[in-house]
Amino acid sequence: MIQDIDRIREDFPILSRQLYGRPLVYLDNTATSETPREVVEAVVNGYTRTKANVHRGVHTLSQEATELQEAARRKVAEFVNASSHEEIIFTRGTTEALNLVASSFGGMVLGEGDELILTVMEHHANIVPWQLLQSRIGFKLRVVPMLPDGSLDLEAYRSMFNTRTRLVSCCHASNVLGTVNPVKEMIAFAHTKGVPVVIDGAQAVPHIKVDVRDLDADFYAFSAHKMYGPTGVGVLYGKRSWLEKMPPYQGGGEMIESVSFEKTTFAELPFKFEAGTPDFIGISALSKGIEFMERIGIDNIAAHEHELLEYTTGRLLAEVPGIRIFGQAPGKCAIISFLVGHEHHYDMGMLLDKLGIAVRTGHHCAQPLMQALGVEGVVRASFAVYNTREEADLFIAALKRVAAMLS
Ligand code: C6P
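Report follows, based on the coordinates. Bear in mind the structure is a predicted one, so any value in this text is a computation, not a measurement.

Here we come to the overall build of the protein. For the protein, the count of helices and strands is 14 helices and 17 strands. Against the 2.2 N^0.38 benchmark of 22 Å for 407 residues, the protein shows a C-alpha radius of gyration of 22 Å, consistent with a compact globule. Projected onto its principal axes, the C-alpha coordinates of the protein cover approximately 70 × 55 × 35 Å. The buried share of the protein, taken over its 407 residues, is 55%. In the protein, 71% of the contacts between residues at least 6 apart in sequence involve partners at least 24 apart. About 17200 Å² of surface is accessible on the protein, with carbon and sulfur atoms providing 52% of the total. Once the 39 positive and 49 negative side-chain charges of the protein are each reduced to a mean point, those two points are 2 Å apart.

This is the structure we're talking about:
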């Protein structure tokens, strides 16, 4: 368990901000986590000491910047237990990682009349890239429904496979329900049918130990800014055997071996998929975010967040009349999406903000899930390692006050 939460909080200068004369209670961690000092310092060092373009210069600064970026790649590979750092592609975020897979891999394995399985709880980042491809190719989307507690209907999932199934793409954890999908079993089942699986890990990597080899995931995508890292950086893990066969996603500098007007050949992995100058300073700072998580221990982070989830959920259900919590699957992540009576999610979010509580409201980029839940939007409170029980108390007290004001 986490011993000294005050020490952890001191690492996050933003947490000592006051809003409207009250202490900030930041419960929008699912949208983005806050950033510890060591990550911010890595960014500052990048700009003040080592800024030079990577893989492009013989001079010292360029070599230092390159080494920082490639050390980050090795760090990420080790963090998710990839076989090789060459299976780690840096992107701008989960969104770009999923667009890369859809465009390059999807374009390779999906044909007209084929089928792709998604789930009802996908973020738009794992729906729209496939639809863009669908409009060019004409395959079918099959959507796995959920059970009343917000778990995935695994029987329905298994029954969706047929001779036209070519691919599954599924979130590891839902950004609305908090549901953690049994992706290891889902992948194992898909593989018995010869079907590869893409995992959107944006909401899992900050909270769960992820081992891509143990999961046997074909692709696994996540974002640095949700895991105490900088903005603008994401990761796509892909099995080497697939990455080698896939065509490049974007063309430009660094992804080539040789270029002429007659013929261009492409660079080796991972550079084939990294066209243009990457956010090398952000990438090197991601290393520090991972070190922060490793120092505390992912199991300790998960246990702490789970304790806050149980405590807050119990009190909300007992003390807030008319509250409905969306997603109660066993083992869910520390995300509480809710509505109170007929109050509008937006009004609740605005009033909570005036009391210093930062939560997200709306459809959370999961409109198909909102339709399945029969709502337009929800209020969402989500926890990270630096949140405390006192903050949960402040949130509950504020919500009771807001609910009373609105009714
Ligand atoms: N969800 C949320 O408030 P990017 O924006 O590329 O870093 O991540 C996209 C993304 C993909 N998949 C899942 C499951 C996600 O939760 C997100 C981002 C944020 O829920 C912002 S919409």
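Taken together, 17 residues lie around the ligand, and T95, D200, Q203, S223 and R360 are the ones closest in. N175 places a polar side-chain atom, nitrogen or oxygen, 2.8 Å from an oxygen atom of the ligand. Contact distances for the ligand include 2.4 Å between an oxygen atom and a side-chain N or O atom of R360. If the ligand stood free it would expose 510 Å²; the protein chains cover 88% of that surface. Here the residues of the shell around the ligand sort into four nonpolar, nine polar and four charged.

Strand pairing in a sheet is mediated by backbone hydrogen bonds. Such pairs are either parallel or antiparallel. Spatially, the four strands line up as an open sheet ordered 13-14-17-16, and their pairing is antiparallel. Strands with a single pairing partner mark the edges of an open sheet, and in this sheet they are strand 13 (323–326) and strand 16 (360–362). In this sheet, adjacent strand axes meet at a mean angle of 30° when their direction is disregarded. Bridge count between strand 14 (residues 335–340) and strand 17 (residues 378–382): four bridges; the pairing is antiparallel. Directly across from I336, in strand 17, lies its bridge partner A381. The sheet contacts of helix 11 (residues 298–319) involve strand 13 and strand 14, and relative to strand 14 the element is tilted by about 10°.

If you walk through the whole model with that rule in mind, you get twelve aromatic pairs. Considering the side-chain rings of F12 and F292, the 5.4 Å spacing of their centres and the 75° angle between planes classify their relative orientation as edge-to-face. Of the two residues, F12 sits in the loop between helix 1 (5–10) and strand 1 (18–19) while F292 sits in helix 10 (residues 280–296), which places them 280 residues apart along the sequence. Each member of the pair, F12 together with F292, is buried.

Conventions adopted
- Residues numbered from 1 in each chain as written.
- Predicted model: local features only at pLDDT ≥ 70, side-chain atom pairs only at ≥ 80, totals over all residues.
- Heavy atoms only, no water.
- Helix = DSSP H or I, 4+ residues; strand = E, 2+ residues; numbered from the N terminus.
- Rg over C-alpha atoms; globule rule 2.2 N^0.38 Å.
- Buried < 20%, exposed > 50% of the residue type's maximum accessible area, 1.4 Å probe, protein only.
- Contact = heavy atoms within 4.5 Å.
- Areas by Shrake-Rupley, 256 points an atom, 1.4 Å probe, with all protein chains shown as cover.
- Lys, Arg positive; Asp, Glu negative; His and termini not counted.
- Charge placed at Lys NZ, Arg CZ, Asp CG, Glu CD.
- Near = heavy atom within 4 Å.
- Polar contact = N/O pair within 3.5 Å; in protein donor to acceptor, adjacent residues only side chain to side chain.
- Nonpolar A, V, L, I, M, F, W, Y, C, P; charged D, E, K, R; others polar.
- Pairing = 2+ DSSP bridges.
- Axes fitted to C-alpha atoms, helices over the stretch in contact; angles between N-to-C directions.
- Phe/Tyr/Trp six-rings, centres within 6.5 Å; stacked < 30°, edge-to-face > 60°.

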